[in-house]
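Fold and contact review
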Amino acid sequence: MRRVQLVLTLSDGRRVAVDPDESGGAQFPRKIQSYTSVSFNYAVPEAFASAGIERAELAGTGFYTRYSTIMASRLFNATIRRPR
């Protein structure tokens, strides 16, 4: 991931972008492996919250490198919890 932003549409029609809180560990660029997850925290400024938020979207940029079929299968199978 090169960048992840929270894009807010306010009641007055303005669109504003909020970057993740870096104190929560959001550093970019960031490598995220297949079949894993990451969390990002956003501190929405009071001025935006008080203006009224109509819509929130998550916008991400970056690229991915395709895994071979064998590698993807191994990663996928390692993350599935099978009942015993």
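See above for the structure.
Report on the accompanying structure. (Residues numbered from 1 in each chain as written. Predicted model: local features only at pLDDT ≥ 70, side-chain atom pairs only at ≥ 80, totals over all residues. Heavy atoms only, no water.)

This part covers the overall build of the chain. Helices and strands together make up the secondary structure of the chain, namely 2 helices and 3 strands. Within the chain, the proportion of its 84 residues that are buried is 19%. Across the chain, the fraction of contacts at a sequence separation of at least 24, relative to all contacts at a separation of at least 6, is 67%. Carbon and sulfur atoms provide 49% of the accessible area of the chain, an area that totals close to 6900 Å². (Helix = DSSP H or I, 4+ residues; strand = E, 2+ residues; numbered from the N terminus. Buried < 20%, exposed > 50% of the residue type's maximum accessible area, 1.4 Å probe, protein only. Contact = heavy atoms within 4.5 Å. Areas by Shrake-Rupley, 256 points an atom, 1.4 Å probe, with all protein chains shown as cover.)

Attention now moves to the pattern of salt bridges. Within the structure shown, the criterion is met by 4 salt bridges. In this structure, E57 engages R15 in a salt bridge whose closest nitrogen and oxygen atoms are separated by 2.9 Å. Of the two residues, E57 is situated in strand β3 (residues 53-61) and R15 in strand β2 (residues 15-18); the sequence distance between them amounts to 42 residues. A relative accessible area of 26% places E57 in the partly exposed class. R55 is paired through a salt bridge with E57; the nearest N and O atoms lie 3.6 Å apart. Taken together, the salt bridges that share partners define one network made up of R15, R55 and E57. (Salt bridge = Lys/Arg side-chain N within 4 Å of Asp/Glu carboxyl O.)

Turning our attention to the side chain of Q5. The topology assignment puts Q5 in strand β1 (residues 3-10). Side-chain polar atoms of Q5 contact the side chain of D19, separated by 2.9 Å. (Polar contact = N/O pair within 3.5 Å; in protein donor to acceptor, adjacent residues only side chain to side chain.)

The next point concerns the environment of V4. With respect to the helices, strands and loops of the structure, V4 is situated in strand β1. Among the residues examined, V4 registers a relative accessible area of 4% and is labelled buried. The sequence separation of V4 and L58 amounts to 54 residues, and the corresponding C-alpha distance is 7.0 Å.

Strands pair in a sheet through their backbones, by hydrogen bonds, and they do so in one of two ways: parallel or antiparallel. What the 3 strands build is an open sheet, ordered β2-β1-β3; its pairing is antiparallel. Of all strands in the sheet, those bounded by a partner on one side alone are β2 and β3. When the angles between neighbouring strand axes are averaged without regard to direction, this sheet yields 25 degrees. Relative to β3, β1 runs antiparallel, the two being bridged by 8 bridges. Of the residues in β3, the one forming a bridge with T9 is R55. (Pairing = 2+ DSSP bridges. Axes fitted to C-alpha atoms, helices over the stretch in contact; angles between N-to-C directions.)

Looking now at the pairing of β1. Of all 8 residues in β1, 7 are buried; the element is thus mostly enclosed. Relative to β2, β1 runs antiparallel, the two being bridged by 4 bridges. Bridge assignment links L6 to a residue of β2, and that residue is V18.

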